[in-house]
Amino acid sequence: MLTVDERTLIADRLRSAERDRAPIPPLIETSPGLGAADAYEIQLINIRRREAEIVGHKVGLSSAAMQQMMGVDEPDYGHLLADMRLSQSEPVDALRYCYPRVEIEVAYLLGDDLPGEGCTEADVLARTEAVAPSIELVDSRIVDWRISIADTIADNASAAGYVLGDARVAPSDVDLKGIDAVLTRNGEQVAAGRSDAVLGDPTRAVAWLARKVAAFGVRLRAGHVVLPGACTRAVDARPGDVFVGEFSGLGQVSLTFGGTR
């Protein structure tokens with residue numbers, strides 16, 4: 001385990017990298033002993049420093065392929081903050097980020113608090129007010145996305161922003177394991193997948209998250225947004241790009257990037 005001072009120093013470096021848009025080398029190169037437990041504590045240091053309200057959480061590494069690539073056997077998670085909310089009607093400045101990418105996900109909007117330890121998929125379905133189409137903006141403050149599991153956890157699971165589409169659908173009105181999703185960039189299809197790419201069922205990812213954060217004294221609360229993981233691969237975002245996510249049974253969501261190419 002790292003000391004408090006060592007964790008704080010790493011958190012400082014990540015915070016500066018995000019603020020200055022100046023990515024840093026992989027953390028495990030400078031701190032070879034960095035493990036998941038320390039990385040979550042580093043993540044929390046920077047979350048507490050930001051004045052924005054916590055409005056939800058995201059799950060990462062929720063596909064078997066990504067877990068195998070990273071050498072882990074469970075997902076990771078990060079926080080969603082109020083200043084990460086994006087709008088379908090206002091372009092995002094791509095130059096605010098180091099290496100912006102987008103992913104499409106089925107967002108869960110909680111109507112009631114979820115239980116912590118022992119949370120089940122049935123609990124999630126009973127307490128989810130609606131699901132919605134979403135695009136997540138991910139970014140890495142690590143050079144060239146050369147991340148290990150500890151790097152991405154410390155870096156708030158690469159969270160940078162999210163936008164929700166207009167649709168709100170009750171979980172009982174859609175097959176949450178069978179939602180087809182297509183992502184287009186400037187009118188051209190760049191990725192496609194299905195919601196069961198997320199642990200076989202995105203509801204399973206939300207229940208996992210509720211149990212996982214309980215160990216840190218955190219609960220998933222009514223009104224929170226939960227992004228359970230991507231239906232497709234992440235796609236690079238460039239100034240001028242217009243992304244649209246189309247979801248069967250949920251409709252669409254869009255995100256436009258401004259800035260100069």
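About the criteria used
Residues numbered from 1 in each chain as written. Predicted model: local features only at pLDDT ≥ 70, side-chain atom pairs only at ≥ 80, totals over all residues. Heavy atoms only, no water. Helix = DSSP H or I, 4+ residues; strand = E, 2+ residues; numbered from the N terminus. Contact = heavy atoms within 4.5 Å. pLDDT = per-residue confidence, 0-100. Buried < 20%, exposed > 50% of the residue type's maximum accessible area, 1.4 Å probe, protein only. Expected span 1.5 Å × (residues − 1). Arc of directions from axis to C-beta. Pairing = 2+ DSSP bridges.

S.K.: What should I look at first to understand the environment of Pro23 in this one?
M.R.: Mapped onto the elements, Pro23 comes out in the loop between α1 (4–20) and α2 (27–30). Along the primary structure Pro23 and Arg13 are separated by 10 residues, whereas in three dimensions their C-alpha atoms are 9.3 Å apart. Once you skip the residues sitting within four places of it in the chain, Pro23 turns out to touch Ala17, Cys98, Tyr99, Arg141, Ile142 and Val143.

S.K.: What's the story with the confidence of the model for the chain in this structure? I'm lost.
M.R.: Low-confidence regions, as indicated by low pLDDT, have predicted coordinates that should not be scrutinised in detail. On average, residues of the chain score 92 in pLDDT, and 95% of them are at 70 or above. For the chain, helix α4 (residues 64–70) is the element with the lowest average pLDDT, namely 62, and strand β11 (residues 242–247) is the one with the highest, namely 98.

S.K.: Explain unusual backbone geometry to me, please; I cannot follow it from the model alone.
M.R.: Among all residues except glycine, the phi angle is most often negative; among peptide bonds, the trans geometry is most common. Phi is positive for Trp145, close to 60°, though the residue is something other than glycine. As for its position among the elements, Trp145 is in the loop between β5 (128–138) and α6 (149–154). For Trp145, a relative accessible area of 16% gives the class buried. Although it is not a glycine, Ala157 sits at a positive phi angle of roughly 55°. Relative to the elements of secondary structure, Ala157 occurs in the loop between α6 and β6 (159–164). Take Ala157: its relative accessible area is 4%, and that puts it in the buried class.

S.K.: Looking at this structure, I do not really get α1. What am I missing?
M.R.: Think of an α-helix as turning once every 3.6 residues; residues three or four places apart then point the same way. Across its 17 residues, α1 extends 24 Å between first and last C-alpha, which sits within 8% of the 24 Å expected from 1.5 Å per residue. Listed as buried for α1 are Arg7, Ile10, Ala11, Leu14 and Ala17. Down the axis of α1, the buried set is contained in an arc of 120°. They therefore lie on one face. Looking at α1, the residues exposed on the side facing more than 90 degrees away from the buried face are Val4, Asp5, Leu9 and Arg19. Where α1 is buried, its residues meet α2, α3 (36–49) and α6.

S.K.: What should I look at first to understand the sheet that holds strand β8 (residues 188–194) in this one?
M.R.: Paired through backbone hydrogen bonds, the strands of a sheet run either parallel or antiparallel to each other. Pairing in this open sheet of five strands is mixed, and the strands run β3-β12-β11-β7-β8 from one edge to the other. Two strands lie at the open edges of the sheet, namely β3 (92–93) and β8, each paired on one side alone. Sheet topology note: the strand β7 (residues 180–185)/β8 ladder contains six bridges and is antiparallel. For Ala181, the partnering residue across the bridge sits in β8 and is Gly193.

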